[in-house]
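Spelled out, the chains give:
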Amino acid sequence: MVTAKKESKRVFEFHRIRDFALIPKKFLKAIDGYELDTELLYYSDIGRNAAADPMTLLYALVDITDHSIHGFVWGQVQIFSRSVHINAIAVDKAAQTSNGQVVAQATDLFRG
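Residues numbered from 1 in each chain as written. Predicted model: local features only at pLDDT ≥ 70, side-chain atom pairs only at ≥ 80, totals over all residues. Heavy atoms only, no water.

Caption draft 1: Structural view of the overall build of the protein. Scanning the protein for helices and strands turns up four helices and five strands. What you see in the protein, going N to C, is helices and strands ordered as β-β-α-α-α-β-β-β-α. The buried share among the 112 residues of the protein stands at 39%. Counting contacts in the protein only where the partners sit at least 6 residues apart, residues at least 24 apart contribute 49% of the total. Accessible surface, the protein: about 6800 Å² in total, of which carbon and sulfur atoms supply 52%. (Helix = DSSP H or I, 4+ residues; strand = E, 2+ residues; numbered from the N terminus. Buried < 20%, exposed > 50% of the residue type's maximum accessible area, 1.4 Å probe, protein only. Contact = heavy atoms within 4.5 Å. Areas by Shrake-Rupley, 256 points an atom, 1.4 Å probe, with all protein chains shown as cover.)

Caption draft 2: Spotlight on helix H4 (residues 101-109). Listing the buried residues of H4 in full gives Val102, Gln105, Ala106 and Leu109. End-on, the buried residues of H4 take up no more than an arc of 105°, which puts them together on one face. (Arc of directions from axis to C-beta.)

Caption draft 3: Examining the environment of Ala90 more closely. Within the fold, Ala90 resides in strand E5 (residues 83-91). Here the alpha-carbon distance between Ala90 and Lys29, two residues 61 residues apart in the chain, equals 9.4 Å.

Caption draft 4: View of the pairing of strand E4 (residues 68-78). With seven bridges joining them, strand E3 (residues 56-63) and E4 adopt antiparallel strand pairing. Pairing of Tyr59 across the sheet is with Val73, part of E4. Following E3, the chain reverses through four residues before pairing antiparallel with E4; His67 in that reversal takes a positive phi of roughly 65°. Pairing of E4 with E5 involves eight bridges; the strand directions are antiparallel. Paired with Val77 across the bridge in E5 is Val84. (Pairing = 2+ DSSP bridges.)

Caption draft 5: Layout of the environment of His67. Considering the arrangement of structural elements, one finds His67 in the loop between E3 and E4. The class for His67 is exposed, based on a relative accessible area of 63%. Sequence-wise, His67 and Phe12 are 55 residues apart; in three dimensions their C-alpha atoms are separated by 9.1 Å.

Caption draft 6: Here's a closer look at the nonpolar core. Membership of the largest hydrophobic core comes to 16 residues, with the highest contact counts inside it found for Phe20, Ile23, Leu28, Leu58, Phe72 and Trp74. Every element with two or more residues in this core is listed here: helix H1 (25-29), helix H2 (38-43), E3, E4 and E5. Among the elements that line this core, the one with the most residues is E3, at three residues. Leaving out residues up to four positions away in the same chain, Leu58 has contacts with His15, Arg16, Ile17, Asp19, Phe20, Ile23, Ala51, Phe72, Val73 and Trp74. If you look at the next biggest cluster of nonpolar residues, it comprises 12 residues, including Leu57, Tyr59, Leu109 and Phe110. (Core = buried A, V, L, I, M, F, W, Y, C linked by side-chain atoms within 4.5 Å.)

Shown next, in the form of structure tokens:
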């Protein structure tokens, strides 16, 4: 489990999830370059199956003090190239650090 600290009171951890509906829509809508159909991800079998796929790596950034979600990272295992492609990452300003530590820790989730 990867932990990111913003200040002494708040501790953020990435937790693997298996449902896009747990991610607040504001994070999916904040992604530049994608036109994601949030209704498709939230309410259809396509979204549920994609999230449940073992090759899908979906993590929520959770504030462990109040269990609120402050971001997410979504990756996909590429078995033929033996790599992980990060599809999207969005993090709330409250959870960001000035040195980009949260993004570095998110990518560390996929290093194995």
